[in-house]
Amino acid sequence: MVNVVPIRKNSMTANQSKAWSAMLAEMAVTKDKSLYIQLYQHFAPKVKAYIIRLGVMEATAEELTQEAMLNMWRKSHLFQPNKSAASTWLFTLARNQSIDWMRKQKYPEYSLDNMQDRLEEASDADIGEQTVQSERIAQAISQLPENQAQVIYMSFYEGRSHSEIADRLMIPLGSVKSRIRLAAEKLKLTLRGEISLGGEQ
Amino acid sequence: MNINHHLDEATLFSYVAGSLSQGMALVVASHISICDSCRERVFETEAIGGALLNEMVSDNSSDSSASVKVDETALEQVLACLDEEEPTISLDSSLSDGEPDACSPGNTGEVPAPLSDYIGGSLDAVQWKRLSPGFYYFDVFKEQRGICRLLKVAPGKSILPHGHHGNELTLLLRGSYADEVGRFAQGDVADLDDQIEHQPLVDGNEDCICLVATDSPLRFTTLLGKVIQPITRF
Ligand SMILES: [Zn+2]
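What counts as what
- Residues numbered from 1 in each chain as written.
- Chains lettered and ligands numbered in written order.
- Predicted model: local features only at pLDDT ≥ 70, side-chain atom pairs only at ≥ 80, totals over all residues.
- Heavy atoms only, no water.
- Phe/Tyr/Trp six-rings, centres within 6.5 Å; stacked < 30°, edge-to-face > 60°.
- Helix = DSSP H or I, 4+ residues; strand = E, 2+ residues; numbered from the N terminus.
- Buried < 20%, exposed > 50% of the residue type's maximum accessible area, 1.4 Å probe, protein only.
- Lys NZ or Arg CZ within 6 Å of the ring centre and 35° of its normal.
- Contact = heavy atoms within 4.5 Å.
- Buried area = accessible area lost by both parts, 1.4 Å probe.
- Salt bridge = Lys/Arg side-chain N within 4 Å of Asp/Glu carboxyl O.
- Polar contact = N/O pair within 3.5 Å; in protein donor to acceptor, adjacent residues only side chain to side chain.
- Nonpolar A, V, L, I, M, F, W, Y, C, P; charged D, E, K, R; others polar.

Caption draft 1: A look at the packing of aromatic side chains. Evaluation of the coordinates by the stated rule reveals eleven aromatic pairs over all chains. For the ring pair Phe 156 of chain A and Phe 13 of chain B, a centre distance of 4.9 Å and an interplane angle of 85° mean the geometry is edge-to-face. Separated into two different chains, Phe 156 of chain A in helix 6 (residues 146–156) and Phe 13 of chain B in helix 1 (residues 9–17) make up a pair that spans both. Residue classification places Phe 156 of chain A among the buried positions, given a relative accessible area of 0%. Each residue in the set Tyr 50, Phe 91 and Phe 156 of chain A together with Phe 13 of chain B is aromatic and connected to the rest through ring pairs, giving one cluster. The ring of Trp 73 of chain A carries the charged tip of Lys 31 of chain A above its face, separated from the ring centre by 4.6 Å. A cation sits over an aromatic face here: Arg 53 of chain A above Tyr 157 of chain A, 4.9 Å from the ring centre.

Spelled out as structure tokens, the structure:
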């Protein structure tokens, strides 16, 4: 059997999360190391835990975490607080670092660096909106039906392909895709605030 | 670009999760770089990733099963590295016009930026290999399972009917084709799984060029297809 997503009920408050995004945006401009240290201490354990879940050995996970955290410094000018929360951006850094290492080749990325709206000024309201979304999603994931939470877990935390998941759960490929589709659509509806939380699922 | 066929939600999700094969990820990244609506969907999906990362462990967690320790000396080492780094703010992003590699020499605008990393900026400069009259291919790279390949098919030609054991993703780069699913033109992506068997017919008056990736071998349904399959590794 496969574990179901272990979502902790008491996730951080929107204010805390907003603070991290604002802090990262400020660090990008000021290159203030004391901000970097705070961000590092908050996110490095999360990044490492994520990389370990992907099946990387502890020692390598430690190295990859350091690389990802270095990238947080090097690439901070690419962080776009009106597009994503700090946690979202760090997730993409951690994902790319670990996949590139596992495959020994670069995971194809869409060319964000080329996008002009990267440089847009983020308003405080934007930053708040992004982090509130992060809150909602965490709660929505914990409310998914077990069979949907399971495929989300295997895809996100274990990095398994559709066919691997199909083999493991002994269900058709189409079922894997429709479960992921249903879960993803539900989570995105939540994100857009179109369905209320705590209702019947 | 007028795009009518987009990525399946499950494909998009797995791309963001990092769990697509290299070839399929290349097709997705290429489509996203030219499709605004799918790019927005990716942003939304990445927010799910951020929420999941937030849930991993908390820095003040007292729950021992959830706590992951980062080496104490690691922060010092990382801080030492920061000192060696020039705090360069890249100006590249402000200079680019947002079009994929539009200013690189020889780019006809048909090759999305992620793909140009592999094949350069021109479809006409690709070292096409002839498969049969009117059919050409070029392997972008070798995959362990599946394929990642450019196909060039002459007008009026039809690709052999086939089904799939796994997923098949196709991005149209030039020309168009029609099949049981619909009509596909430049920028469109056909996102098919093992439920669909199809026989695409190139319906325009120019060559149809597309990027195809699968995560397992295709399954041809005719005898001829079964015979050529071992030769072409389709
Ligand atoms: Zn699209």
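Still more ground to cover, so stick around.
Caption draft 2: Local environment of the interface of chain B and chain A. Listed by partner, the interface residues are 73 residues for chain B and 78 residues for chain A. When chain B packs against chain A, close to 7,000 Å² is buried across both sides, 60% of that on carbon and sulfur atoms. When the buried surface of chain B facing chain A is broken down by residue, Leu 53, Glu 55 and Met 56 of chain B rank first, second and third, together holding 10% of it. The interface formed by chain B and chain A contains three salt bridges. Remark: the boundary between chain B and chain A carries 18 residue pairs in polar contact (both at pLDDT 80 or more). Every element with two or more residues in the side of chain B that touches chain A is listed here: helix 1, helix 2 (22–34), helix 3 (36–54), helix 4 (72–84), helix 5 (92–95), helix 6 (113–119) and strand 8 (189–192) of chain B. Here the side of chain B that touches chain A takes 16 residues from helix 3 of chain B, the largest share from any one element. Of the residues assigned to the side of chain B that touches chain A, the class counts are 34 nonpolar, 21 polar and 18 charged.

Read these as geometric descriptors, not functional statements.
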